[in-house]
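# Working through the structure, step by step
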Amino acid sequence: MNRFIYIIIIFISIILYTFTIRGSWGNPTSNEIDANLKTSGKAFETSQERARYALVLSLVNDHAYNIDNYAEMATPDVGRANGHYYSFFPPGASILAVPFYLAGHALGGAQMLTFLISTIFSLLTMLVIAKFCLRLGLHWSVALFGSVAFGFATIAWGYSLTFYALFISGF
């Protein structure tokens, strides 16, 4: 029965996340992000997403933690130290996202696969909630309801579709 609950959670999540995915297919450059994709309603509307993505680009393309070549797209959440620009956000999410970016870049969907890291950690958190409920001896319907309610009836849904570190740190 436990496996069945997890399969239902994964199935519901895949359907709902697929219909609400943010962004578009392609490998946007920093200039495209800065010029076209940072407006309201677009994948890079907040500086948190842009700054984290800038660090991913810098890690992959420049093999560096500074974002000198991408600082413009990451503003205003950029600081300057020792002649280099750095994102104000901790690098953990960006470092974890590098394999997703590389796979996405190879497939022509770098932005979408990079943002997928938040979705994966959201799904994992939902599975942990279900497991926790079952371990407490609660009925399977409570485990299913609790995990789906967390994932899709709270602000968790919105954050799971963006490039935030909320679920990575929460997991």
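Residues numbered from 1 in each chain as written. Predicted model: local features only at pLDDT ≥ 70, side-chain atom pairs only at ≥ 80, totals over all residues. Heavy atoms only, no water.

What follows deals with the packing of helix α1 (residues 2-19) against helix α6 (residues 110-135). It is the contact of α1 with α6, at a shortest axis distance of 10 Å, that shows an interaxial angle of 150°. The pairing of α1 with α6 is recorded here as roughly antiparallel in orientation. Judged by the twist between their axes, the crossing of α1 over α6 is right-handed. Contacts between α1 and α6 involve Asn2, Ile5, Tyr6, Ile9, Ile10, Ser13 and Tyr17 from the former and Thr119, Ser122, Leu123, Met126, Leu127, Ala130, Lys131 and Leu134 from the latter. Looking at side-chain class alone, the contact of α1 with α6 contains 10 nonpolar, 4 polar and 1 charged residues. (Axes fitted to C-alpha atoms, helices over the stretch in contact; angles between N-to-C directions. Helix = DSSP H or I, 4+ residues; strand = E, 2+ residues; numbered from the N terminus. Parallel < 35°, antiparallel > 145°, perpendicular 65-115°, else oblique. Left-handed = near helix turned anticlockwise from the far one by under 90°. Contact = heavy atoms within 4.5 Å. Nonpolar A, V, L, I, M, F, W, Y, C, P; charged D, E, K, R; others polar.)

A surface patch of nonpolar side chains, about 380 Å² in accessible area, is lined by Phe132, Leu136, Leu138 and Val142. On the secondary structure map, Phe132 appears in helix α6. (Patch = residues over 30% accessible without salt bridge, like charges linked within 9 Å, V, L, I, M, F, W, Y side chains within 5 Å. Areas by Shrake-Rupley, 256 points an atom, 1.4 Å probe, with all protein chains shown as cover. Salt bridge = Lys/Arg side-chain N within 4 Å of Asp/Glu carboxyl O.)

With their axes 9 Å apart at the nearest point, helix α3 (residues 47-62) and helix α5 (residues 92-107) run at an angle of 65° to one another. In this structure, α3 meets α5 at a crossing whose hand is right-handed. Along its contact with α3, which presents Arg52, Tyr53, Leu55, Val56, Leu57, Leu59 and Val60, the element α5 presents Ala93, Ser94, Ile95, Ala97, Val98, Tyr101 and Leu102. Residues that form the contact of α3 with α5 fall into these classes: 12 nonpolar, 1 polar and 1 charged.

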